Amino acid sequence: MATTGNTTNGMRNMLQFMKLIGQLKRVPRTGWVYRKVKEPESVSDHMYRMAMMSLTVTDPTVDRERCIKLALVHDMAECIVGDIAPSDNVSKEEKHRREEEAMKRLSGLLPTGLGQEIYALWEEYETQSSAEARLVKQFDLLEMILQAHEYEQEEAAPGRLQEFFDSTNGRFHHPDVVEFVKCLNEERESHVTSGESNTEKTTDNTPQTC
């Protein structure tokens, strides 16, 4: 935790930054709240698994470390503005304005170089201006449907969250992501068509059909 200028003031700012980031652990993902999912995941939960997806990238054409950073930063503004869902009737422009303001506040608490890096990463993701940003966006959607599948299993309600899957149609392009989605869909389809229910939480989420 590097600081610049007055060390005491720098650490006070860092403390404030970490407290704000900590709020992400207490911001539930709005989509699950609206669908009445019991004990929905937090934004922090979502970002963590996205970071793990980024860590497992094997594609040599993308920068794995940059993907991890993008995953950790992309929803950072939600610690201030909350998780704004499409059904909240907030325009994309207004959502971006609020999040941009929040990111300026957050990055302003950090040493200049670090603050600039984090803000630039957020902007890169927002504009989808790099191969890494585009891949991490696919991870964002992939993590969402993986979580939806897990909730369906936990609730013994195959197909209940189909709308989340439908919203990702045509949006996966990276071959590794496409293959993962294929495996996920095969596992889910077997549950939906047979009416199977799995109420037991597992620690191994690897699709067993692949």
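This text goes with the structure placed above it.
Note that this is a predicted model, so its numbers are computed, not measured. (Residues numbered from 1 in each chain as written. Predicted model: local features only at pLDDT ≥ 70, side-chain atom pairs only at ≥ 80, totals over all residues. Heavy atoms only, no water.)

### Looking at the layout of surface pockets
Next, step 1: What the largest pocket holds in volume is close to 1100 Å³.
Next, step 2: In terms of lining, the largest pocket is formed by 31 residues, of which the most central are Ile 84, Pro 86, Lys 95, Lys 137 and Asp 140.
Next, step 3: Of all elements in the fold, only helix H2 (30–34), helix H6 (92–107), helix H7 (112–127), helix H8 (131–155) and helix H9 (162–166) reach the threshold of two or more residues within the lining of the largest pocket.
Next, step 4: Classifying every residue of the lining of the largest pocket gives 10 nonpolar, eight polar and 13 charged. (1 Å grid on protein atoms, 1.4 Å probe; cavity = no way out; pocket = protein on both sides within 12 Å on 5 of 7 lines; lining within 4 Å. Points joined across faces, edges and corners; volume = space filled by probe spheres on them. Helix = DSSP H or I, 4+ residues; strand = E, 2+ residues; numbered from the N terminus. Nonpolar A, V, L, I, M, F, W, Y, C, P; charged D, E, K, R; others polar.)

### Here's the deal with the packing of aromatic side chains
For any pair of aromatic rings, the description consists of the separation of the ring centres together with the inter-plane angle of the planes.
Next, step 1: Across all of its chains, the model carries three aromatic pairs by this definition.
Next, step 2: Geometrically, the ring pair formed by Trp 32 and Tyr 151 is edge-to-face, given 5.2 Å between the ring centres and 75° between the ring planes. Taken together, the residues Trp 32 in helix H2 and Tyr 151 in helix H8 connect sequence positions 119 residues apart.
Next, step 3: The interplanar angle of 45° and the centroid separation of 5.7 Å between the aromatic rings of Tyr 119 and Trp 122 together place this pair among those described as tilted. Taken together, the residues Tyr 119 and Trp 122, both in helix H7 and three residues apart, mark about one turn of the helix.
Next, step 4: Residue classification places Tyr 119 among the buried positions, given a relative accessible area of 15%.
Next, step 5: Linked through ring pairs, Trp 32, Tyr 151 and Phe 164 together constitute an aromatic cluster.
Next, step 6: Above the face of the Phe 165 ring, Arg 188 is positioned so that its terminal group lies 3.7 Å from the ring centre. (Phe/Tyr/Trp six-rings, centres within 6.5 Å; stacked < 30°, edge-to-face > 60°. Buried < 20%, exposed > 50% of the residue type's maximum accessible area, 1.4 Å probe, protein only. Lys NZ or Arg CZ within 6 Å of the ring centre and 35° of its normal.)

### Comments concerning the packing of H6 against H7
Next, step 1: For the pair H6 and H7, the least separation of the axes is 9 Å and the interaxial angle reads 160°. Comparing the axis directions of H6 and H7 gives the class roughly antiparallel. H7 is crossed by H6, and the crossing has right-handed handedness. Across the interface between the two elements, His 96, Glu 99, Glu 100, Met 103, Lys 104 and Ser 107 of H6 pack against Gly 115, Ile 118, Tyr 119, Trp 122 and Glu 126 of H7.
Next, step 2: Class assignment of the residues belonging to the contact of H6 with H7 gives a composition of four nonpolar, three polar and four charged. (Axes fitted to C-alpha atoms, helices over the stretch in contact; angles between N-to-C directions. Parallel < 35°, antiparallel > 145°, perpendicular 65-115°, else oblique. Left-handed = near helix turned anticlockwise from the far one by under 90°. Contact = heavy atoms within 4.5 Å.)

### Here's the deal with the pattern of salt bridges
Next, step 1: Counted under the stated rule, the structure contains 15 salt bridges.
Next, step 2: Arg 97 is the partner of Glu 94 in a salt bridge, and the nearest nitrogen-oxygen pair spans 2.9 Å. Here the residue Glu 94 and the residue Arg 97 both occupy positions in helix H6, the gap between them amounting to three residues, near one helical turn.
Next, step 3: By relative accessible area, which is 41% here, Arg 97 ends up partly exposed.
Next, step 4: Between Glu 99 and Lys 95 there is a salt bridge whose closest N-O contact spans 2.9 Å. Here Glu 99 pairs with Lys 95, and both are found in helix H6, just four residues apart, close to one helical turn.
Next, step 5: For Glu 99, a relative accessible area of 3% corresponds to the buried category.
Next, step 6: Among the ionic contacts, a cluster of salt bridges with common partners joins Glu 94, Arg 97, Arg 98 and Glu 101. (Salt bridge = Lys/Arg side-chain N within 4 Å of Asp/Glu carboxyl O.)

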